[in-house]
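Descriptive structure summary
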Amino acid sequence: MYDALLKARLICAGAVTLEIKLPPGYVCRDPAGPHGAQRTVFLEFGKHRVKLGIGKSAFRVVGENGKFFLFEEDKKLMAVNFLKPVYHAPEMAFFNLLPWCKYRCSFCNLPHEGQNDVRIEKYLGLVRKRAEDIRSIAVTSGVGGDGVDVILLREFVEKARKELAVPVGVEPFVTRKEEIDILHNAGATEIKINIHSFDRKVLQRVCPAFLRDTRSLLEHAVKVFGEGRVTTNVLVGLGEGEEILFQGLETLASTGVIANLRFVHGLSSLSPPALLRIAEEQKRVLKRFGLNPGMETMCLRCRSCDIVAGWDV
Ligand code: SF4
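None of these values were measured; they are calculated from a predicted model. (Residues numbered from 1 in each chain as written. Predicted model: local features only at pLDDT ≥ 70, side-chain atom pairs only at ≥ 80, totals over all residues.)

1. A closer look at the sheet that holds strand E3 (residues 48–54)
In space, the six strands of this closed barrel follow the order E1-E3-E2-E6-E5-E4, with mixed pairing throughout. Here the average twist between neighbouring strands, direction ignored, is 45°. Where strand E2 (residues 40–45) and strand E6 (residues 75–83) come together, three bridges link them in antiparallel fashion. The partner of Phe 42 across the bridge, within E6, is Leu 83. The strands touched by helix H1 (residues 2–13) are strand E1 (15–18), E2, E3, strand E4 (59–64) and E6; relative to E3, the strand with the most contacts, the crossing angle is about 20°. (Pairing = 2+ DSSP bridges. Helix = DSSP H or I, 4+ residues; strand = E, 2+ residues; numbered from the N terminus. Axes fitted to C-alpha atoms, helices over the stretch in contact; angles between N-to-C directions. Contact = placed C-beta atoms within 7 Å.)

2. Let's talk about the domain arrangement of the chain
According to the domain assignment, the chain consists of domain 1 (2–83) and domain 2 (88–302). Using only C-alpha atoms to locate each centre, domain 1 and domain 2 end up separated by 24 Å. In terms of residues, the side of domain 1 that touches domain 2 owes the most to one element, H1, which gives six residues. Split into classes, the residues belonging to the side of domain 1 that touches domain 2 amount to twelve nonpolar, three polar and two charged. (Domains from an automatic or database assignment. Nonpolar A, V, L, I, M, F, W, Y, C, P; charged D, E, K, R; others polar.)

3. Some details on the pairing of E4
The pairing of E1 with E4 spans two bridges and is parallel. Following the sheet pairing, Leu 18 is matched in E4 by Val 61. Pairing geometry for E4 and strand E5 (residues 67–72), over six bridges, is antiparallel. Along E5, the bridge assignment pairs Gly 63 with Phe 68. Between E4 and E5, which pair antiparallel in sequence order, lie two residues; one of them, Asn 65, sits at a positive phi of approximately 50°.

4. Looking at the site of the ligand
Surveying the vicinity of the ligand reveals the residues Gly 33, Pro 34, Lys 51, His 88, Ala 89, Phe 94, Met 298, Cys 299, Cys 302, Ser 304 and Cys 305. When contributions to the shell around the ligand are tallied by element, the ones reaching two or more residues are strand E7 (88–89) and helix H9 (299–302). Here the residues of the shell around the ligand sort into seven nonpolar, three polar and one charged. Taken domain by domain, the shell around the ligand gets at least three of its residues from each of domain 1 (2–83) and domain 2 (88–302). (Near = placed C-beta within 6 Å.)

5. Re the sheet that holds strand E12 (residues 230–236)
Taken together, the seven strands give an open sheet; going across it, the order is E7-E8-E9-E10-E11-E12-E13, and neighbouring strands pair in mixed fashion. Of all strands in the sheet, those with a lone pairing partner are E7 and strand E13 (257–263), marking the two edges. Bridging between strand E10 (residues 168–171) and strand E11 (residues 190–192) involves two bridges; their strand directions are parallel. Paired with Gly 169 across the strands is Glu 190, a residue of E11.

6. What about unusual backbone geometry?
Despite not being glycine, Glu 73 has its phi angle at roughly 50°, a positive value. Here Glu 73 shows up in the loop between E5 and E6. Of note in the backbone geometry, Arg 303 takes a positive phi value of approximately 60° without being a glycine. Mapping Arg 303 onto the fold places it in the segment after H9.

7. Notes on helix H3 (residues 148–163)
Across its 16 residues, H3 extends 22 Å between first and last C-alpha, which sits within 8% of the 22 Å expected from 1.5 Å per residue. The complete set of buried residues in H3 reads Asp 149, Val 150, Leu 152, Leu 153, Arg 154, Phe 156, Val 157 and Ala 160. Looking at the packing, one finds that the buried side of H3 touches helix H2 (120–129), strand E9 (136–140), E10 and helix H4 (177–186). (Expected span 1.5 Å × (residues − 1). Buried ≥ 20, exposed ≤ 12 C-beta atoms within 10 Å, placed from the backbone.)

8. Considerations on the pairing of E13
Within E13, seven of the seven residues are buried, which leaves it mostly tucked inside the rest of the structure. In E13, alternate side chains face the same way, and those of Val 257, Ala 259, Leu 261 and Phe 263 on one face and Ile 258, Asn 260 and Arg 262 on the other are all buried. Bridge analysis of E12 against E13 gives seven bridges, and the strand direction is parallel. Considered in E13, the bridge of Val 230 is made with Val 257. Tracing the backbone out of E12, into helix H7 (residues 242–255) and back to the parallel element E13 gives a crossover that is right-handed. (Right-handed = clockwise from strand over helix to strand, strands pointing away.)

9. Observations regarding the environment of Lys 67
Counting through the fold element by element, Lys 67 comes out in strand E5. Since 10 C-beta atoms lie within 10 Å of it, Lys 67 is described here as exposed.

Here it is as structure tokens:
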């Protein structure tokens, strides 16, 4: 439990100061994900791993006799390792195909305009290059016009499945059940359909584009992909009522959906023990509905940005 609390504290801090020089390949610089355009690293201690921005922080990593140690201010906490990402995540190739989005969610820093001429071949080339290190593939996209994002995701999944025999997860912005079928038929093995919050006031404030009928979409996704193969981001600490949150986690689990609890840097206001408490409640809920919290792709496989019920707690 001590280590889980440390992970929660690191997530809430969001950054670590590096007093060392890492070899090439350990620093991530991709624009998507909860750390935005920051340079990031993956720290590992015990069974926990955490992705942190590199910058000013009370937490710092120091090198001593060929080992790395995590300090909080002047207090030495423990030895840590660094994990080398493949593309965006350890052991995974996770791509964002369309690097712009027509929506303006306050937790996302993709630009709001861009081109649709994405070269899928470029991403397949990257997969080929690191094939030996890749255990799973995941793919998402900003939301363009006329369903271009789902078209791109489908093309990528179809081709990636031929390229490498590993599970492929998709994180699309879907509004129709047919889009779920299209991605499943293309060969996707898991899907994330974000609801972000059960609290409509939070959605209205943070990401109004997500005020849609996600319940029927998630139910359909479970029918198509299977129980435990559907996930959704649930943002925590944005002022949502605890009762609404816990009831929502229960509804998701009863549908066969595993929530990915996400603390949003700069927006969430939640203490580390409170973050752990939510994850512990989710663990109880998943157990009650007989859901195995592990997934093969995306964030519940990577386990670096969130407290993952069934793994960290
Ligand atoms: S947990 Fe998700 S968002 Fe974070 S690095 Fe891993 S795949 Fe990316």
